[in-house]
Amino acid sequence: MTDEELEWGYVAITRGRYKGRIGYYDDDAERDLLVVYLETPWVRPYVLVRRSSVRVATDVEAQSFQREHENDIAHARAKRLLKEEIR
């Protein structure tokens, strides 16, 4: 996957230890390693996944991830917004 094709957001992991999982790509750890949250974005521990081992998640996959983690995602977003307002 090239840098032009992959933007921050939902990804499907296609190879390796986390194959078959949907996650949220949030940042680059190194040139070829991505920071991917397998549970609640910005809150839960993340894993490092090779760029070549992910693809952009389909809309159905992203929606499934969102539904599964709906309450935690809403809480994390609210917490982030509050921190930004305090600064």
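Residues numbered from 1 in each chain as written. Predicted model: local features only at pLDDT ≥ 70, side-chain atom pairs only at ≥ 80, totals over all residues. Heavy atoms only, no water.

1. A short note on the overall build of the protein
Within the protein one finds 2 helices and 5 strands. Shown N-terminal to C-terminal, the secondary structure of the protein runs as helices and strands in the order β-β-β-β-β-α-α. Relative to the 2.2 N^0.38 estimate, which gives 12 Å for 87 residues, the radius of gyration of the protein is 13 Å and therefore close to what a compact globule would have. A burial count over the protein gives 34% of its 87 residues as buried. By sequence separation, contacts in the protein at least 24 residues apart represent 47% of the contacts at least 6 residues apart. Per element, the accessible surface of the protein, about 6,200 Å² overall, is 46% carbon and sulfur. (Helix = DSSP H or I, 4+ residues; strand = E, 2+ residues; numbered from the N terminus. Rg over C-alpha atoms; globule rule 2.2 N^0.38 Å. Buried < 20%, exposed > 50% of the residue type's maximum accessible area, 1.4 Å probe, protein only. Contact = heavy atoms within 4.5 Å. Areas by Shrake-Rupley, 256 points an atom, 1.4 Å probe, with all protein chains shown as cover.)

Purely geometric numbers; function is a separate question.
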